[in-house]
Amino acid sequence: MDSAEYERKIAHRFAAFDQDGNGYIDRADFSSAAARLLTEFSTAARSERGQALYSGAEAFWQGMAGIADVDGDQRVTRSEFVGGAVKRLRDNPERFAEIARPFLRAALAVADEDGDGVTETTAVERALQALGADPHVSVFVAEALDEGREGRVSEDAVVAAFARYFTVVEPG
Ligand code: CA
Ligand code: CA
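Each residue is numbered by its place in its chain's sequence as written, counting from 1. Written order determines the labels here, with chains lettered from A and ligands numbered from 1. With pLDDT at 70 or above as the cut-off, local features in this predicted model cover only qualifying residues; side-chain atom pairs require 80 or more to be listed or tallied, and sums for whole chains, interfaces and linings still use all residues. Excluding hydrogens and water, the side-chain values take into account all heavy atoms of the structure.

1. Describing the side chain of Asp 29
Each helix is a run of H or I in the DSSP string that is no shorter than four residues. Each strand is a run of E no shorter than two, and both are numbered from the N terminus. When you line up the elements, Asp 29 lands in helix α2 (residues 27-40). Burial classes follow relative accessibility: with a 1.4 Å probe on protein chains only, a residue under 20% of its type's maximum area counts as buried, one over 50% as exposed, and anything between as partly exposed. In this count, Lys and Arg are taken as positive residues and Asp and Glu as negative ones, while His and the chain termini are left out. Here a salt bridge means any side-chain nitrogen of Lys or Arg lying within 4 Å of a carboxyl oxygen belonging to Asp or Glu. Although Asp 29 is buried, it forms no salt bridge, and the closest oppositely charged side chain is Arg 36 at an N-O distance of 7.5 Å.

Given below as structure tokens:
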């Protein structure tokens, strides 16, 4: 990977977190991600699943801030993201997985619209698009997550893929 590609990948990852596009990652980005998912799946914020999603989002933000908000201003800038999140998490992807897991678990529960304990691949595509992913990318990612080719996605597959996506960025 050359340095231009490295920069491009970092920019994509930063943009995925910076949901409102104001140039830094903060608590509002995490709560807006939760709100978008709840809207997509017609789930009330006050419902049990809605509350679980918001508390997962808050835990994710706290974990991210603990790792990357070096100056403690409750904002993760792009340079804090590159210096803190990407570098440190690359050394310890399991830590990132555990920070993200409650949010991802709650998101899968919200996307499981009929509540049968199975989150379908098509629901994961919708979730990714609700969070701003390109439709083609969403289909590709959701299918890749469906390891057993059964039309469903497991929590472990999502957590592992998420940690991989945000931590495996190697400069050239
Ligand atoms: Ca933001
Ligand atoms: Ca900061």
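2. Focus on the coordination of the calcium ion (ligand 2)
When a metal carries six donors in an octahedron, the ideal angles between them are 90 or 180 degrees, while four donors in a tetrahedron ideally lie at 109.5 degrees. Looking at the metal site, the calcium ion (ligand 2) is ligated by Asp 69 (OD), Asp 71 (OD), Asp 73 (OD), Arg 75 (O), Glu 80 (OE) and Glu 80 (OE), spaced 2.1 to 2.5 Å from it. Listed donors are limited to N, O and S atoms within 2.8 Å of the metal, widened to 3.2 Å for Na, K and Ca; water is not among them, so incomplete-looking sites are possible. Square planar and octahedral assignments, for four and six donors respectively, both demand that opposite donors be over 155 degrees apart and that all other angles lie between 65 and 115; tetrahedral needs four donors with all angles between 85 and 135 degrees, and anything else is irregular. Given 6 donor atoms and angles of 53 to 156 degrees at the metal, the environment of the calcium ion (ligand 2) is assigned as irregular. Sequence spacing among the residues donating to the calcium ion (ligand 2) works out to D-x1-D-x1-D-x1-R-x4-E.

3. Thoughts on the packing of aromatic side chains
In summary, the pairing rule links any two rings of Phe, Tyr or Trp, Trp by its six-membered ring, whose centres are within 6.5 Å, and it sorts them by plane angle into stacked for under 30 degrees, edge-to-face for over 60 and tilted for everything else. Scanning the model with the defined rule gives 10 aromatic pairs in all. For the pair Phe 14 and Phe 81, a centre-to-centre distance of 5.5 Å together with 75 degrees between the ring planes defines the contact as edge-to-face. One end of the pair, Phe 14, is in helix α1 (residues 3-17); the other, Phe 81, is in helix α4 (residues 78-91), with 67 residues separating them in the sequence. Like Phe 81, Phe 14 is buried. Summarising the aromatic geometry, the rings of Phe 60 and Phe 162 are spaced 5.9 Å apart at their centres and angled 65 degrees between planes, so their arrangement reads as edge-to-face.

4. Some details on the coordination of the calcium ion (ligand 1)
Protein ligation of the calcium ion (ligand 1) involves Asp 18 (OD), Asp 20 (OD), Asn 22 (OD1), Tyr 24 (O), Asp 29 (OD) and Asp 29 (OD), the donor distances falling in the range 2.3 to 2.6 Å. One way to put it: the 6 donor atoms around the calcium ion (ligand 1) meet at angles of 52 to 156 degrees, and that makes the site irregular. Counting residues between consecutive donors of the calcium ion (ligand 1) along the chain gives the motif D-x1-D-x1-N-x1-Y-x4-D.

5. So, the pattern of salt bridges
Summed over the entire model, instances satisfying the criterion amount to 7 salt bridges. The partner of Glu 58 in a salt bridge is Arg 27, and the shortest N-O contact between them spans 2.8 Å. Note that Glu 58 is positioned in helix α3 (residues 48-68) and Arg 27 in helix α2, a separation of 31 residues in sequence. Between Arg 101 and Glu 155 there is a salt bridge whose closest N-O contact spans 2.8 Å.

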